[in-house]
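Single-letter residue listing:
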Amino acid sequence: MVHIRSAKTEDIPMLKGFIFEHGQNEWNYLPREEVLAHLSKIEIHEVQALIAEEAGTCLGFCSFNKELPEKCLRYIPTGKNKNAYLAEVVVHKSHSGKGIGSELVEAAKNVLKMQDIQALYAVRHTDNLGSAGMMRKSGFEVIAEFDDFEIRTSGSRRTSITRVELSNYEDIGVGGKLPISIAGS
Ligand SMILES: CC(C)(COP(=O)(O)OP(=O)(O)OC[C@H]1O[C@@H](n2cnc3c(N)ncnc32)[C@H](O)[C@@H]1OP(=O)(O)O)[C@@H](O)C(=O)NCCC(=O)NCCS
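Please read these numbers as outputs of a predicted model, since none were measured by experiment.

Caption draft 1: Looking closely at unusual backbone geometry. Phi is positive for His45, which is not a glycine, with a value near 65 degrees. Positionally, His45 belongs in the loop between helix H2 (32-40) and strand E2 (47-54). Of note in the backbone geometry, Arg157 takes a positive phi value of approximately 55 degrees without being a glycine. Among the structural elements, Arg157 can be located in the loop between strand E6 (141-147) and strand E7 (158-165). What makes Arg157 partly exposed here is the crowd of 15 C-beta atoms within 10 Å.

Below, the structure is given as structure tokens:
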């Protein structure tokens, strides 16, 4: 049984190792210092993270916060102030393609919806097919796409900005192909 729970301060060192072991690929931009600083903010609750684990072993995690990166800001419609940003989603290399990433994103949507957030934004390399598939399943729509030569070194070197509206999101159960349980956040 895969169990999804909120990350705690004591999980931070494990997450910092996990992201560089399992999250690195030619599409995923992971500037080391920024990523480490981001994960450290779990301790002060500026960043929230959910961990998918089985028998105490981390199979994946996602992290999110309510501060949006510069790149997203211009795409927020006027007057829409209750937004969050899906910063990282990483699944253990031996467990990809089993739906864990999608389940983590669904769980994050549930948590944020309960916190009165109305839209969740994410940024990815346009060619990151795993990420694209996961986001498509989770209801994200691509709202912009542009050349991003500064941070993209492979493939099309383009970035996609995506968004899912949570306002009408009623499903607070996480269904799907995994046997899964969720702890209170
Ligand atoms: C991206 C990532 C988190 C997806 O997690 P996952 O658990 O493998 O994703 P899921 O199993 O939920 O897959 C979601 C969908 O994408 C599809 N998909 C996954 N990898 C794919 C690939 N390489 N090419 C095409 N489709 C792919 C799956 O088939 C699935 O759709 P389906 O259920 O309709 O078949 C995982 O691949 C990962 O950790 N990648 C490295 C880090 C990264 O790039 N993170 C994203 C940063 S934006």
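Caption draft 2: Geometry of the site of the ligand. Every one of the 23 residues lining the ligand counts as a neighbour, but Gly101, Ser102, Leu129, Gly130 and Gly133 are closest to it. Of all the elements in the fold, those that place two or more residues in the shell around the ligand are strand E4 (83-91), helix H4 (100-114) and helix H5 (129-137). For the shell around the ligand, the element with the most residues is H5, which contributes six residues. The residue makeup of the shell around the ligand, split by class, is seven nonpolar, 13 polar and three charged.

Caption draft 3: Inspection of helix H1 (residues 12-22) at higher detail. Along H1, the residues that are buried comprise Leu15, Phe18 and Ile19. Down the axis of H1, the buried set is contained in an arc of 100 degrees. They therefore lie on one face. Facing away from the buried side of H1 by more than 90 degrees, the exposed set consists of Pro13, Gly17 and Glu21.

Caption draft 4: Region of interest: H4. Over its 15 residues, H4 runs 21 Å from end to end, which matches the ideal 21 Å to within 8%, given 1.5 Å per residue. The buried fraction of H4 is high, at 13 of 15 residues. Phi turns positive one or two residues past the end of H4, at Asp116, with a value near 70 degrees.

Caption draft 5: Fine view of the pairing of E2. With six of its eight residues buried, E2 lies for the most part within the structure. Sheet analysis places strand E1 (residues 2-6) next to E2, joined by four bridges and oriented antiparallel. Bridged to His3 within E2 is Glu53. Taken together, the eight bridges between E2 and strand E3 (residues 57-65) define a ladder with antiparallel strand orientation. Counted as the bridge partner of Val47 is Asn65 from E3. Here E2 folds back onto E3, and the loop between the two strands holds two residues, one of which, Ala55, carries a positive phi near 50 degrees.

Reading the values: rules and limits
Residues numbered from 1 in each chain as written. Predicted model: local features only at pLDDT ≥ 70, side-chain atom pairs only at ≥ 80, totals over all residues. Helix = DSSP H or I, 4+ residues; strand = E, 2+ residues; numbered from the N terminus. Buried ≥ 20, exposed ≤ 12 C-beta atoms within 10 Å, placed from the backbone. Near = placed C-beta within 6 Å. Nonpolar A, V, L, I, M, F, W, Y, C, P; charged D, E, K, R; others polar. Arc of directions from axis to C-beta. Expected span 1.5 Å × (residues − 1). Pairing = 2+ DSSP bridges.

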